[in-house]
Number of protein chains: 4
Amino acid sequence: MNSFGVRFSITTFGESHGSAIGCIVDGVPAGLLIDESYIQSEVDRRRPGLTKFATQRKESDTVQILSGVFEGVSTGAPIALVIYNENQKSSDYESIKSLFRPAHADFTYFKKYNIRDYRGGGRSSARETAARVAGAAIAKKLLETFGIKVQSGIFAIGGIEAQNIDFEYAKTSEIFALDRLKEEAQKEAIREAQKDKDSIGGCAYVKILNAPIGLGEPLYEKLDALLGGALMGINGVKAVEIGEGINASKLRGSQNNDQMDKTGFLSNHSGGILGGISTGEDITLKIHFKPTPSIFLNQSTQDTNAEPINFTLKGRHDPCIAIRGSIVAEAMAALVIADTLLLNASATVENLKKIYGNN
Amino acid sequence: MNSFGVRFSITTFGESHGSAIGCIVDGVPAGLLIDESYIQSEVDRRRPGLTKFATQRKESDTVQILSGVFEGVSTGAPIALVIYNENQKSSDYESIKSLFRPAHADFTYFKKYNIRDYRGGGRSSARETAARVAGAAIAKKLLETFGIKVQSGIFAIGGIEAQNIDFEYAKTSEIFALDRLKEEAQKEAIREAQKDKDSIGGCAYVKILNAPIGLGEPLYEKLDALLGGALMGINGVKAVEIGEGINASKLRGSQNNDQMDKTGFLSNHSGGILGGISTGEDITLKIHFKPTPSIFLNQSTQDTNAEPINFTLKGRHDPCIAIRGSIVAEAMAALVIADTLLLNASATVENLKKIYGNN
Amino acid sequence: MNSFGVRFSITTFGESHGSAIGCIVDGVPAGLLIDESYIQSEVDRRRPGLTKFATQRKESDTVQILSGVFEGVSTGAPIALVIYNENQKSSDYESIKSLFRPAHADFTYFKKYNIRDYRGGGRSSARETAARVAGAAIAKKLLETFGIKVQSGIFAIGGIEAQNIDFEYAKTSEIFALDRLKEEAQKEAIREAQKDKDSIGGCAYVKILNAPIGLGEPLYEKLDALLGGALMGINGVKAVEIGEGINASKLRGSQNNDQMDKTGFLSNHSGGILGGISTGEDITLKIHFKPTPSIFLNQSTQDTNAEPINFTLKGRHDPCIAIRGSIVAEAMAALVIADTLLLNASATVENLKKIYGNN
Amino acid sequence: MNSFGVRFSITTFGESHGSAIGCIVDGVPAGLLIDESYIQSEVDRRRPGLTKFATQRKESDTVQILSGVFEGVSTGAPIALVIYNENQKSSDYESIKSLFRPAHADFTYFKKYNIRDYRGGGRSSARETAARVAGAAIAKKLLETFGIKVQSGIFAIGGIEAQNIDFEYAKTSEIFALDRLKEEAQKEAIREAQKDKDSIGGCAYVKILNAPIGLGEPLYEKLDALLGGALMGINGVKAVEIGEGINASKLRGSQNNDQMDKTGFLSNHSGGILGGISTGEDITLKIHFKPTPSIFLNQSTQDTNAEPINFTLKGRHDPCIAIRGSIVAEAMAALVIADTLLLNASATVENLKKIYGNN
């Protein structure tokens, strides 16, 4: 249940305050250049402690490759990646040891497993997503080989939305803002929340360029179903939109249909997916994150004995999980595209003949 | 790729204009009463031709059980359900034989498979969803055994939203409207679109009651990930929201966090899921459908030779796919809950001891 | 749990005395000619009632294609095949309704599911294998496209072994005997058993020709692991051998190693598989079937109330399940090869470039 | 493709001469005592270098737990186990860098992946099985909770078979011999082969005690199919027998059928499995290993340029892989039983009611 993907897959492990997190990337085609520094640079993008808009927890998040690579190239064997945890202050969590932090997974994990691993969320911590990003770096390299690019950034913070989408700018922004003109207002919304010992929600945007036509395997491995599931499974995500998204439910067919002329599609309300299969147009996704559950205001909750309790949280937390979450969303999208790319390879007899020849 | 679910699963087959559609339901625990008339009544809820708000295509959609049931009870063997197609006017599709209908899957299926099965969408037709509803009827019966109820209705049509949620009323409404006071305006929006030879989008709402705490298997079979994927994979769905949904991305933590007192949760912004695991509260979902792609206005597109062409569609189509789509959303939600119910059975050694005893 | 295969898969349903059996074949690449009469001819090979060496139960075993084929060609959609049961004399089973036939699945199914579907074994009946053979006929057609051939026959009956392997002869033999010189002795062994109201065991032999080098996905989808599992799962199989098989455990390395010269392998003790991957040599398998459990001698057993009982079975049964079982073994081998053929398509970046081009 | 198991699964990684091997054990029910020293002791049983009947390669094979355990108890999260490689003399392999060792996976891996990872077999090395044994130690602890015991030993070396089965004695034997009276002859056969610079085949025996009735999920997750696949996938295994095994194919039904009286089964030719489901009797398996491919005699082969070449191997190798292989066979059997134990938990509505209560 800790595996994602059919043919190109990751299996992850690790808790926020255990000794390490990591993943096994399986199904990587042999012959792919595996650039350790690229994997590291991807993981660094979501690393904590880089700006004042992220948690101040310090982790070097150094990725080690344990297997599957020989002389810099993938061998077809599973690639194991491990990141040892460094900054494990379990003591931070002594005070919340026996209570359920609101909007966290404390309550549900305890009830499901009858174990209270109170150290920073344990398995449910967003720290696990560093392993996904590491694995997805390999997916991204594979996609690049075929000219496919996956990009991300922050679309909105607290409802303040970008009017302009600039992925290059986002790379340079402390909050990965897509719109330079909205960035300051978005930052200010975060600062205000921080000042009030509170947190704030946000929306990430992911765009996939140059995906070939044909990705997605109907009916239950549709590209939109896979993306929807992958993104909704990221910590704190409460809604996912593809293409026109929610707005499509308010439109008429004449407004939403993408007509064609001889050059191809005249619009892209579909967000690059029709019938669960990629159209060759840009694939566009909005991913809505709830505000960080960890706030520094007094809250009421229960403890493990079902006794009510009031408490005020301490520690180091992101004021807005959407920011680093956008990197995770990009990672999950890359994993889905890599998987469907491999699955589609055997969609037709014609494809197979290209590989096995014609009898 | 035509299977859905891990432990409780369906595998579906069939095209809109082939000889039959159907599904194999696997993993049904032995000893469940299988009521053929209940399955039929569920399928009837999404049957075409019942009201003027649905396609006028007539199908009796008679479900036959081919296996897995003995003396009215599930045996543990796979249950095969088949619905023979009756109203297969392939001739309806002669005129669109070689062109790609905008916003349909014609283009992508052709490009992926290099085959043009022009008969009403073939495999990509929403007709396949009748098989899901049939299979899900068995899931719903299983859930009922444990007091779990899955309900659905129409939340919005063309942006006209319900203010009140009444699932009992929805059952009696021609458009499954959840709010009797908004129903007429919603109907009128559909009629207006029909009058204009157009179609309209809508939003379905699904609520799951009495799901036990603990459903969902972290990290990649999280309950929200499974629901997100299942619902996003329904024909025409472009966005899925859980609990507070998109709105959560605009709130502060202090507004969105669900605090607790001794009686339990004080609010349900989470929509019944924390950390990917059910909280025991109601699970609430919004599913946004695009407008029906089939409209009767002149549209421009390409044909299979990549030549541009203008055309006007004929035939019988739903003016708003969200209406019958809400039944499919309910079905997919039921399948997810049934699957996670079975998966969770082995989550703890304690659970296993209840079954196998203690050595 | 009723699905077999990862990328090319079958999901089967049906009981011996239910209304139908069948399967959904998923993952069939689009563009394959689907010849209904070929599927029928394959199913006919294992049809009961053809010779006095098979059960006299009469079934026409007529296969119907319900989906996935358009104008004689696979569309990429799942292909559903159904065989309606005709000769359902449940009354034959009245007398054994509440007792567990020795060496049958009656006892274990009852204990597992707490249901006694006494009609001829229900789901555990070998009748289900007709559905596998039907599905495998499509796999065989796919393999043929690439020159791959799967063949079977009877190697031994009651320990009387073939000295010569002639698949062409086997096709004409009533017992699929591979060695014309041993056929009469093998038949006589069966007749003797029948005369004694008894049954007899046997061994089938399967050979796969022209499998390309590279099939099998290490480490847990190795070709030998998949074949081993597929064949051991056939009703009545108690042992599977690959290549040198059991004898390899008695040899020295110098005897068993397949050395090479410039033309390739000098021997084939490996049976065409090294490290779980096909070598390009013939893949050879021996599949050992126990004697038919259904015999007409007095036996002692328990009933569903755990009371001891003596009984003598009546009815129509194969005297030697290995005979028709050899067709099933061939079918399962074909399914495995088809699946690994598809999976291997994405094994290298080089393969993918043949499909997606080079950026 | 490097994952094994459905609900209780392992995903392994690592090459013989990479930096580490390991596995992620997923699906471990929460609340299981995880005894690190027990895992280590299991791994130590197959550790190289312990006797003169095993390779002299020295490895401490120290297992580290990276996740999934809190305060000595499983949390429900995946348990990652890692073993760092210590004795990586890649230089040993310089001389065989570009040639294909007979009966090894060198040829097939090179042809499949177009990569020559010449370091001791890379991924195809039996070294990977240490990770399986580590993961299976957790499975064995789980099984023990329910009184289930998995045992192994050497049945035959070079055709010299045990006449008596004594698992307790096997634990003390340098070659895990099951029969103390045959041990010396078996050892001598190995010594003779070693003296001749050769190797020798052997047969392991596995017995599972106290498996509850009902394990195995028909039809394609049958217990015998799973065991057959799991065991055939072990390095060097060429045949697997269950219960009466090959001999069953020589018997009559009256000889092979297990009759019952009021106390239960009167014999166990079935090897504890009927219809793919456990009967509650002992599950018995024979696993036949080919002789070690690595011998020190001159052999002819090809190199990566398809040029013929004669060579004589150097290095440290097991003279008989069946010996340490028996531990791996035991491990794989334990993994299968653990998986089916979890899967069976939801086989009936009755079981589910024990967990979720009755509405």
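As the structure is a computational prediction, the values presented were derived from the model and not from experiment.

(A) View of the overall build of chain A. Along the backbone of chain A there are nine helices and 18 strands. On C-alpha atoms alone, chain A measures out to a radius of gyration of 21 Å, which is about the 21 Å that the 2.2 N^0.38 rule sets for 359 residues. Counting only C-alpha atoms and orienting by the principal axes, one finds that chain A spans roughly 70 × 50 × 40 Å. Within the span of chain A, comprising 359 residues, buried residues form 69% of the whole. Of the contacts formed within chain A by residues at least 6 apart in sequence, a portion of 69% connects residues at least 24 apart. When the accessible surface of chain A is split by element, carbon and sulfur atoms take 47% of a total near 10700 Å².

(B) Structural detail: the relation of the copies chain C and chain D. Rotating chain C by 180 degrees about the axis while translating it 0.0 Å along that axis superimposes it on chain D, leaving an RMSD of 0.0 Å. Here the two chains are linked by the operation of a two-fold rotation axis. Relative to the rotation axis, the C-alpha of Gly229 of chain C is the closest in chain C, positioned 1.9 Å from it. When the interface residues of chain C are mapped onto chain D, 100% of them again lie at the interface, so the same face is used by both copies.

(C) Structural context of the relation of the copies chain A and chain B. For the match of chain A to chain B, the screw axis carries a shift of 0.0 Å, the RMSD comes to 0.0 Å, and the turn is 180 degrees. Both copies contact each other with a shared surface, as 100% of the interface residues of chain A are interface residues in chain B too.

(D) The arrangement of the pattern of salt bridges in detail. All names here are of chain A. Throughout the structure, instances matching the rule amount to 96 salt bridges over all chains. The partner of Arg127 in a salt bridge is Glu59, with the nearest N and O atoms 3.7 Å apart. Separated by 68 residues along the polypeptide, Arg127 in the loop between α2 (106-113) and α3 (129-145) and Glu59 in the loop between α1 (36-45) and β4 (63-65) bring together distant segments of the chain. Here the two residues Arg127 and Glu59 agree in accessibility, since each one is buried. When salt bridges that share partners are traced, they join Glu42, Arg45, Lys140 and Glu330 into one network.

(E) Focus on the interface of chain C and chain D. Each partner contributes residues to the interface: chain C has 103 residues there, and chain D has 103 residues. Overall, the association of chain C and chain D removes approximately 7800 Å² of surface from exposure, summing both partners, and the carbon and sulfur fraction of that is 58%. Summed over the three residues of chain C that lose the most area to chain D, namely Met1, Tyr220 and Lys238 of chain C, the buried surface amounts to 11% of that side. Taken together, the connections running from chain C to chain D amount to four salt bridges. For the salt bridge of Asp196 of chain D with Arg252 of chain C, the shortest nitrogen-to-oxygen distance reads 2.5 Å. Inspection of the chain C/chain D interface yields 59 residue pairs in polar contact (both at pLDDT 80 or more). In terms of residues, the side of chain C that touches chain D owes the most to one element, helix α2 (residues 106-113) of chain C, which gives six residues. Residues that form the side of chain C that touches chain D fall into these classes: 43 nonpolar, 39 polar and 21 charged. Here strand β11 (residues 237-242) of chain C pairs with strand β11 (residues 237-242) of chain D via three bridges, running antiparallel. Paired with Val240 of chain C across the two strands is Val240 of chain D, which belongs to β11 of chain D.

(F) Structural context of the sheet that holds strand β3 (residues 20-26) of chain A. Residue and element names in this part refer to chain A. Strands sit in the order β1-β2-β3-β7-β4 across an open sheet of five strands; the sheet is antiparallel. Looking at the sheet topology across the chains shown, the edges are occupied by β1 (3-4) and β4. Across two bridges, the pairing between β1 and strand β2 (residues 9-14) is antiparallel. Across the sheet, Phe4 pairs through a bridge with Ile10, a residue of β2. On the sheet, α3 packs against β2, β3 and β7 (79-84) and is oriented at approximately 30 degrees with respect to β3.

(G) Region of the structure containing the interface of chain A and chain B. Counting residues at the interface gives 103 residues for chain A and 103 residues for chain B. Summed over both partners, the interface of chain A with chain B buries about 7800 Å², with 58% contributed by carbon and sulfur atoms. Across the contact surface, chain A and chain B share four salt bridges. Between Glu217 of chain A and Lys112 of chain B there is a salt bridge; the shortest N-O distance is 2.6 Å. Summed over the shared surface of chain A and chain B, the result is 57 residue pairs in polar contact (both at pLDDT 80 or more). No other element matches the six residues that α2 of chain A contributes to the side of chain A that touches chain B.

Conventions and cut-offs
- Every residue gets a number counted from 1 within its own chain, in the order that chain's sequence is written.
- The lettering of chains begins at A and the numbering of ligands begins at 1, in the order of writing.
- Given that the model is predicted, a residue must reach a pLDDT of at least 70 before its local features are reported, and side-chain atom pairs must reach 80 or more before they are shown or counted; all residues, however, enter totals for whole chains, interfaces and linings.
- Derived side-chain values reflect all non-hydrogen atoms in the structure, with water molecules and hydrogen atoms excluded from consideration.
- Each helix is a run of H or I in the DSSP string that is no shorter than four residues. Each strand is a run of E no shorter than two, and both are numbered from the N terminus.
- This radius of gyration counts C-alpha atoms alone. The globule rule is 2.2 Å times how many residues there are, raised to the power 0.38.
- To sort residues, take the accessible area from a 1.4 Å probe on protein chains only and compare it with the maximum for the residue type: under 20% means buried, over 50% means exposed, and anything in between is partly exposed.
- Only heavy atoms matter for contacts: two residues are in contact if any of them lie within 4.5 Å across the pair.
- Here the open area of atoms and residues is found with the Shrake-Rupley method and a 1.4 Å probe, where only the protein chains shown may cover a residue.
- When the copies are superposed, the least-squares fit draws on C-alpha atoms of residues that have pLDDT of at least 70 in both.
- Only one rule defines a salt bridge in this text: a Lys or Arg side-chain nitrogen within 4 Å of an Asp or Glu carboxyl oxygen.
- As used here, buried area is the combined drop in accessible area, with a 1.4 Å probe, of two parts when they are placed together.
- Polar contact is the term for a pair of N or O atoms within 3.5 Å; when the atoms are in protein, one must be able to donate a hydrogen and the other to accept it, and sequence-neighboring residues count only if both atoms are side-chain atoms.
- Gly is placed with the polar residues, together with every amino acid not listed as nonpolar (Ala, Val, Leu, Ile, Met, Phe, Trp, Tyr, Cys and Pro) or charged (Asp, Glu, Lys and Arg).
- Two strands qualify as a pair provided DSSP detects at least 2 bridges between them.
- Note on method: axes are straight lines fitted to C-alpha atoms, helices fitted across the in-contact stretch only, with angles between N-to-C directions ranging 0 to 180 degrees.

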